[in-house]
Amino acid sequence: MSDDPFEAIKATFFQECEELLADLEGNLLTLESGSTDIEVINAVFRAVHSVKGGAGAFGLEALVRFAHVFETLMDELRSGRKPCDEPTVKTLLRAADVLADHVAAARGAGPAVDPARSAGLVAELEMLTHGGAAPVATAEPEEDDFGFTPVAMDLGAFEAPDGLPDLPDLPPLPDLAALAPLSDLSAPSASQGWRVVFRPHPRLYASANETGLLLRELGRLGPTRVQLDDSGVPLLDALEPTDSHLIWTIELDGDASEAEVREVFDFVEMDCDLSITPLGDAPVEAAPVAAEEVAPDLGDDASALARAASSELDIAALLASVGAAPTAAPAPVAVTPAVEPVAPPPVKPAPAPAAPAPAQATAPAAAAPVTIRVDLERVDRLINAVGELVIQQAMLAQRVTESGLTRSSDIGLGLEDLELLTREIQDSVMAIRAQPVKSVFQRMPRLVREAAEATGKKVKLVTSGEDTEVDKTVIERLSDPITHMLRNAIDHGLESPEDRLAAGKPAEGTVRLAALHRSGRIVIEISDDGKGINRPRVKGIAVERGLIAEDAILSDDEIDNLIFLPGFSTATEVSDLSGRGVGMDVVRRSIQSLGGRISISSVPVRGSTFTLSLPLTLAVLDGMVVGAGEQTLVAPLAAIVESLTPNEADIHHVGGVDPVLRFREAFVPLVDVAQVMGFRDDPTALKGGVVMIVETESGQRAALLVDAIHGQRQVVIKSLESNYRHVEGVAAATILGDGRVALILDIDALVTAKRSRTPSRSDLQMAS
């Protein structure tokens, strides 16, 4: 990480942008579903406003300009001046995509946004903002019906008549119409509320922020009384268009907390002078803006203006100081004292320490959760350390057992306490890494929209189980497989709108993305209501490409799994989505590298479902340590239903070959682990053996026959595939307390291998 504090703050901003964009996408999808909740619209506005405010602080002009147009339309929607209808929401969704691209480009994580694409969407947003009319600001002024022609004039060319003294320009007359609706700040105020004195700096406007929007936000917190102090505006010849001279004083009634008031100025607090005090306190005293600071070149006349700015304006005294005092001059400006100038806040804004906030202002802040951002590398190091702690604790337990000490001894009792403490530490650390899959699911609506647009199909994405938690390492590697499968579902699974209507289906297809916990694992399901897998066509393509023999006899499941073969594709044309034979085989390899598996269920005309099954974590596992064929193995505890000693009378054979075990008035297949794994050729003797009843992810039960059960233990998972290669029937490996390596069984794959074939003996011997 860079040591530059500015870069660290910038990195934090982009991290917050990820969260804001995720919330933005989710709220827009809520609006797309038909919701008209004003809070949802406000949440969208706040997300865009926050992105724009942070981008302005870092000078990201392209991002600021686009977010400003986006924010302006959202302000129209939340004020009720524009309807939040379906076409508007669809445009907002596309605008959110472009906004995310601008953020990625500013971060350096993506290419620059196409200017034509961005400008086109800006035009659409402005058209919606102005109700279909052209934007107010145009590149070239239009000619009106009066034939007006601007003429340049040099006022310096006119000379005053001789004998008249040089008079300074008087301050501009106040805009009475603008001040008419503003109540006098000296009026009695409510017992609860806040006085806000706000003086914008020029860079506030340079960041595309608007004072009007801030005042409107304050108005949403309660009734307000606003007064504008324009006494600091210099004379015309000294006025700089980019300077800021106005001061706003707002009295806010109601029970809003100080934190809520400050939240309005969250992204502009560094670009303004801000003072927030309770209404019951005396107004903040601050030094007035001297006229010398505004017009430093006016000489003695400036001192007169300074005196006028710091007290009631005396027109006669002012004119007398410059050598002329006409009696008629004061009349037009006699109304000026009616609006007393408001003292600006100090240059360094800070809440007055002598003005404590009301009790109710601190209550919401106390309820807010306190979070910190921690580098993921630090968490990984902590998890690795905990894994080593678990291994050392197991080794210590092994040594104590070998020494003959009983569990009731002082060392045995201390070891039990250490085991409990180790488990608590491990659970707490794993909870740090556990994250909901929502972060992955929220990226998919955009992908679905783009894929639907590319294929010309109408698609609706339905998600569920977004709050299902899984290890962050698993989440990071889920995005690519889910992306491939969603594209496959849209491109190959769903029919065109015309074909769907002809088949009696709605023109809009539905793709479902769901996450759930099952048997100690996380299951991701991607389903569609399309035409299903055309098995004759799939088999024909596999034969044409030489992937299978022409006379091969395959079951429906085996035909379905042909789509995972490298180079297989049913697309007739190469497109941006498919046709190159790369995709589903990559998905299967990615899932297998995570210790997971993928299965297919397809019904013609009704659709297909792809199921991904993955471990909840890649770090630790609760397992049962068993012995089979002089090898020590670990069976995942979550898959074990119970264990028992088999009886000869309960063993039967189907067709005289395949053994089954009678278990509670049902028959389950009996799997000899040592024989299936290739550790020995002869069957395991039932006498002295132990049977574990296990349940697969599909709900089917089987009986695993092993030589002995050594006990339950928590083990640290080590990837076998990354250190050796994938072995059928083996999920991973671990280090036992005595330092030996043990294989962790893949229950589902083991049962499936029993039905089809046994794994390679050489592979298993080398792996063990």
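Rules behind the numbers
- Residues numbered from 1 in each chain as written.
- Predicted model: local features only at pLDDT ≥ 70, side-chain atom pairs only at ≥ 80, totals over all residues.
- Heavy atoms only, no water.
- Helix = DSSP H or I, 4+ residues; strand = E, 2+ residues; numbered from the N terminus.
- Buried < 20%, exposed > 50% of the residue type's maximum accessible area, 1.4 Å probe, protein only.
- Contact = heavy atoms within 4.5 Å.
- Phe/Tyr/Trp six-rings, centres within 6.5 Å; stacked < 30°, edge-to-face > 60°.
- Lys NZ or Arg CZ within 6 Å of the ring centre and 35° of its normal.
- Patch = residues over 30% accessible without salt bridge, like charges linked within 9 Å, V, L, I, M, F, W, Y side chains within 5 Å.
- Areas by Shrake-Rupley, 256 points an atom, 1.4 Å probe, with all protein chains shown as cover.
- Salt bridge = Lys/Arg side-chain N within 4 Å of Asp/Glu carboxyl O.
- Axes fitted to C-alpha atoms, helices over the stretch in contact; angles between N-to-C directions.
- Left-handed = near helix turned anticlockwise from the far one by under 90°.
- Expected span 1.5 Å × (residues − 1).
- Lys, Arg positive; Asp, Glu negative; His and termini not counted.
- Charge placed at Lys NZ, Arg CZ, Asp CG, Glu CD.
- Core = buried A, V, L, I, M, F, W, Y, C linked by side-chain atoms within 4.5 Å.
- pLDDT = per-residue confidence, 0-100.
- Pairing = 2+ DSSP bridges.
- Parallel < 35°, antiparallel > 145°, perpendicular 65-115°, else oblique.
- Nonpolar A, V, L, I, M, F, W, Y, C, P; charged D, E, K, R; others polar.

> Report on the overall build of the chain, specifying residues and quantitative values.
Per the secondary structure count, the chain includes 27 helices and 22 strands. Taken across its 768 residues, the chain has 41% of its residues classed as buried. Considering only contacts within the chain whose residues lie at least 6 apart along the sequence, 70% involve residues at least 24 apart.

> Give me the packing of aromatic side chains: which residues, what numbers.
As enumerated under the stated definition, the model contains three aromatic pairs in all. Residues Phe 13 and Phe 58 carry aromatic rings whose centres are separated by 5.4 Å and whose planes lie at 40 degrees to one another, so their mutual orientation is tilted. Residue Phe 13 is located in helix α1 (residues 5-32), and its partner Phe 58 is located in the loop between α2 (38-57) and α3 (61-78); the two are separated by 45 residues in the primary sequence. With respect to burial, Phe 13 and Phe 58 carry one shared label: buried. The positively charged end of Arg 78 is found above the aromatic ring belonging to Phe 45, 3.6 Å away from the centroid.

> Any chance you could break down a nonpolar patch on the surface for me, citing the residues and the numbers?
A cluster of nonpolar side chains, contributed by Leu 389, Leu 421 and Ile 425, occupies part of the molecular surface with about 220 Å² of accessible area. With respect to the helices and strands, Ile 425 occurs in helix α15 (residues 410-433).

> Any details on the packing of helix α4 (residues 86-107) against helix α5 (residues 115-129)? Residues and values, ideally.
Helix-helix packing is described using two parameters, namely the angle between the two axes and the distance between the axes. Where α4 contacts α5, the two axes come as close as 10 Å, and the packing angle between them is 140 degrees. Both α4 and α5 take part in a crossing whose hand is left-handed. Touching Thr 88, Thr 91, Leu 92, Arg 94, Ala 95, Asp 97, Val 98, Asp 101 and His 102 of α4 are Arg 117, Ser 118, Leu 121, Glu 124, Leu 125 and Leu 128, all from α5.

> I'd like a rundown of α3, residues and numbers included.
Helix length check: α3 (18 residues) gives 25 Å between terminal C-alpha atoms against 26 Å at 1.5 Å per residue, within 8%. Judged by how many residues are buried, α3 sits mostly within the fold: 13 of 18 residues are covered. Among the residues trailing α3, Gly 80 stands out with phi positive, at a value near 85 degrees.

> Please give an account of a negative patch on the surface that cites residues and values.
On the surface, a cluster of negative charge is contributed by Glu 16, Asp 255, Glu 260, Glu 263 and Asp 266. Within the secondary structure, Asp 266 is located in the loop between α9 (258-264) and β4 (272-278).

> Residues and numbers for the nonpolar core, please.
If you look at the biggest cluster of nonpolar residues, it comprises 43 residues, and the most contacted ones within it are Phe 441, Ile 482, Met 485, Leu 486, Ile 524, Ile 526 and Phe 610. The biggest single contributor to this core is helix α17 (residues 444-455), with five residues. Setting aside residues no more than four positions away along its own chain, Phe 610 makes contact with Met 485, Asn 488, Ile 524, Glu 525, Ile 526, Ile 563, Phe 564, Met 584, Ile 598, Ser 599 and Ile 600. Among the nonpolar cores identified, the runner-up in size contains 38 residues, and Leu 21, Phe 58, Val 103 and Val 113 belong to it.

> Run through the confidence of the model for the chain, naming residues and quoting values.
Caution applies to low-pLDDT regions: their predicted coordinates should not be interpreted in detail. In the predicted model, the chain carries a mean pLDDT of 75, and the fraction of residues at 70 or more is 75%. Mean pLDDT in the chain bottoms out at helix α10 (residues 291-294), which sits at 40, and peaks at helix α20 (residues 497-502), which reaches 91. Here residues 133-148 is a poorly scored stretch, pLDDT under 50, and it has four contacts once near neighbours within four places are set aside; other chains count. Here residues 176-191 scores under 50 on pLDDT; set against residues more than four positions off or in separate chains, the count is 18 contacts.

> A description of the sheet that holds strand β6 (residues 458-464) should follow, citing residues and the corresponding values.
The sheet built from five strands is open, its strands ordered β6-β8-β9-β11-β10 with mixed pairing. Each edge of the open sheet carries a strand with a single partner, namely β6 and β10 (597-603). Between one strand axis and the next, the sheet turns through 15 degrees on average, direction left out of account. With seven bridges connecting them, β10 and strand β11 (residues 607-615) associate as antiparallel partners. Its bridge partner lying in β11, Val 603 is registered against Gly 607. In this fold α17 packs onto β6 and β8 (508-518), with an angle of close to 165 degrees to the strand it touches most, β6.

> Pulling in residues and values, what's your account of the sheet that holds strand β21 (residues 730-735)?
Overall, mixed pairing links the five strands, which are arranged β20-β12-β13-β22-β21 in an open sheet. Two strands lie at the open edges of the sheet, namely β20 (708-716) and β21, each paired on one side alone. The mean angle between the axes of side-by-side strands here comes to 35 degrees, regardless of whether they run parallel or antiparallel. Strand direction decides the pairing type here: strand β12 (residues 620-628) and β20, joined by eight bridges, are antiparallel.

> Provide a residue-level description of the side chain of Ser 118, including the pertinent values.
Residue placement: Ser 118 occurs in helix α5. When near neighbours in sequence (up to four residues on either side) are disregarded, Ser 118 contacts Phe 66, Val 98, His 102 and Val 113.

> Could you give an account of the pairing of strand β22 (residues 741-745), with specific residues and numbers?
Burial analysis of β22 places four of its five residues in the buried class, which makes it a mostly covered element. Bridging between strand β13 (residues 631-636) and β22 involves two bridges; their strand directions are parallel. Opposite Leu 633, over in β22, you have Leu 743 as the bridge partner. Where β21 hands over to β22, the hairpin turn is made up of five residues, of which Gly 739 adopts a positive phi near 90 degrees.

> I'd like to hear about the packing of helix α14 (residues 376-402) against α15, residue by residue, with values.
Where α14 contacts α15, the axes come no closer than 10 Å and their chain directions differ by 160 degrees. Relative to α15, the element α14 is oriented roughly antiparallel. Crossing of α14 against α15: the hand is left-handed. Contacts between α14 and α15 involve Leu 376, Val 379, Asp 380, Leu 382, Ile 383, Val 386, Leu 389, Val 390, Gln 393, Leu 396, Ala 397 and Val 400 on the former and, on the latter, Ile 411, Leu 415, Leu 418, Glu 419, Thr 422, Ile 425, Gln 426, Val 429, Met 430, Ile 432 and Arg 433. Taken together, the residues of the contact of α14 with α15 break down into 17 nonpolar, three polar and three charged.

> Summarise the pattern of salt bridges; cite the residues concerned and give the values.
One pass over the full model with this rule turns up 32 salt bridges. Glu 495 is paired through a salt bridge with Lys 505; the nearest N and O atoms lie 2.9 Å apart. You can see Glu 495 sitting in the loop between α19 (479-493) and α20 and its partner Lys 505 sitting in the loop between α20 and β8, a full ten residues away along the chain. Accessibility assignment for this pair places Glu 495 and Lys 505 in one class, buried. For Glu 695, the salt bridge goes to Arg 701, with nearest N and O atoms at 3.5 Å.

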